[in-house]
Amino acid sequence: MGLAFSDIYIEQVRAQVLIFMNKEKESLVCTLLLFLLLPYLLTVLILGREACPASRELSTEEYVPAVTASQISWDYSKEAIKAQTVAARTNLYVHLGEKEEKSMIQKAVENIRKKEMNSIMLKKYRIFQEAARETEGQVLKYQDQLREIPYHALSAGRTRDGKEILGEDYGYIVSADTSKDIDSPLYVEGCYFSEKDLEEQIKKDYPGFKLGEEKKAEIQKTDSAGYVMEIEIGNLEFQGEQLKELLNLPSSCFTIQRLKGEIRFLCRGIGHGMGLSQYTAEQMALEGKKYEEILQYFFPEMVIEER
């Protein structure tokens, strides 16, 4: 019984070590392992100094489970997680050696540090490890080239057309029906601002901004999926995604109403709305669809290949 117990947790711990191990994070590895293993003193005693091994360079593949785990719900089905795994791996290789790759890895580290990694969470994390192993080396390509794979938590009912938003080079990002997303309890959210709060929030980044006496807030242009492309507020014009970031809105698919001295942004969906909708991916997985089918649905112009 003791040996079986130890073997299980040695495997889990070593998997955690691989995620965090590099020259900048040796002390973090030791601290994290101690935190993870306090309930399992027997395992700590067996591992000893092996819990803090010498530094070495990790392959990109070894980061894939942790990066994926920072991008999608840990409660989702394995096939949805596998679809996200292929997307995450593709993006890591697209940005190999760049600042964006380091940023994705750092976010993965911070994401796991924030979680209470008890035995239940370790069991969930093993799904990400299995997803990476079962899709090892697989990436999405368009015309035999790696391309950025966008994803978001929840669409407004239809994903956005990449060509319409970003131009011809993004024609591989097609608009897909994601009406299943409407059933999510998180589909609609109202974000309320007093006129003063709205002005102060925007002024943090645009000191010259003034809401003015007219209190103008008008949407000028939306795309075919209903997301705001251009909006005029006060004395300035903004892109929808730009205003979303400024005001910390869940989505740039919104309408504007004035209610008793407040301005309400009624938002649909979560995220930028392009590419893979994780909520629809999960619904497809629950219906028995495999990850290849999910990816083909969202990216019909792309193919899954071994890198």
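The shown structure was predicted, so the numbers you read here are calculated from the model rather than taken from an experiment.

Q: So what's going on with the pattern of salt bridges? Residues and values would help.
A: Counting across every chain of the model gives 14 salt bridges. Between Glu-61 and Arg-89 there is a salt bridge; the shortest N-O distance is 2.7 Å. You can see Glu-61 sitting in helix H4 (residues 60-69) and its partner Arg-89 sitting in helix H5 (residues 78-94), a full 28 residues away along the chain. Taking relative accessible area as the criterion, Arg-89 reaches 0% and is therefore assigned buried. For Lys-141, the salt bridge is made with Glu-305, and the minimal N-O distance between the two is 3.6 Å. You can see Lys-141 sitting in strand E1 (residues 138-142) and its partner Glu-305 sitting in strand E11 (residues 303-306), a full 164 residues away along the chain. Look at Lys-141 and you get buried, because its relative accessible area is 15%. Here Glu-305 falls in the partly exposed class, since its relative accessible area comes to 27%. Taken together, the salt bridges that share partners define one network made up of Lys-78, Glu-79, Lys-82, Glu-130 and Glu-134.

Q: Give a detailed account of the packing of aromatic side chains, specifying residues and quantitative values.
A: Evaluated as defined, the whole model comprises 10 aromatic pairs. Ring centres of Trp-74 and Tyr-125 lie 5.8 Å apart, and the angle between their planes is 40 degrees; on these two criteria the pair is classed as tilted. Within this pair, whereas Trp-74 is found in the loop between H4 and H5, its partner Tyr-125 is found in helix H7 (residues 119-134), the two being separated by 51 residues in sequence. When sorted by exposure, Trp-74 lands in the same class as Tyr-125, which is buried.

Q: Please give an account of the side chain of Arg-147 that cites residues and values.
A: As for its position among the elements, Arg-147 is in the loop between strand E2 (145-146) and strand E3 (151-152). No salt bridge is formed by the buried Arg-147; the nearest opposite charge belongs to Asp-169, separated by 5.5 Å. In this structure the side chain of Arg-147 is engaged in a polar contact, spanning 2.6 Å, whose partner is the backbone oxygen of Asp-169. Not counting chain neighbours up to four residues away, the residues in contact with Arg-147 comprise Thr-90, Asn-91, Val-94, Leu-140, Tyr-142, Asp-169, Tyr-172 and Met-302.

Q: For the sheet that holds strand E5 (residues 217-222), give the residues involved together with the corresponding values.
A: The strand order E5-E6-E7 describes an open sheet built from 3 strands, whose pairing is antiparallel. At either margin of the open sheet sits one strand with a lone partner, and together these are E5 and strand E7 (236-239). Taken pair by pair, the neighbouring strands of this sheet meet at an average axis angle of 20 degrees, ignoring direction. Pairing analysis gives 4 bridges linking strand E6 (residues 228-233) to E7, with the strands arranged antiparallel. Across the sheet, the residue bridging to Ile-233 is Leu-236, located in E7. This element, helix H10 (residues 240-247), spans E6 and E7 of the sheet and lies at about 95 degrees to E7.

Conventions and cut-offs
Residues numbered from 1 in each chain as written. Predicted model: local features only at pLDDT ≥ 70, side-chain atom pairs only at ≥ 80, totals over all residues. Heavy atoms only, no water. Salt bridge = Lys/Arg side-chain N within 4 Å of Asp/Glu carboxyl O. Helix = DSSP H or I, 4+ residues; strand = E, 2+ residues; numbered from the N terminus. Buried < 20%, exposed > 50% of the residue type's maximum accessible area, 1.4 Å probe, protein only. Phe/Tyr/Trp six-rings, centres within 6.5 Å; stacked < 30°, edge-to-face > 60°. Lys, Arg positive; Asp, Glu negative; His and termini not counted. Polar contact = N/O pair within 3.5 Å; in protein donor to acceptor, adjacent residues only side chain to side chain. Contact = heavy atoms within 4.5 Å. Pairing = 2+ DSSP bridges. Axes fitted to C-alpha atoms, helices over the stretch in contact; angles between N-to-C directions.

By themselves, these figures tell us nothing about what the structure is for.
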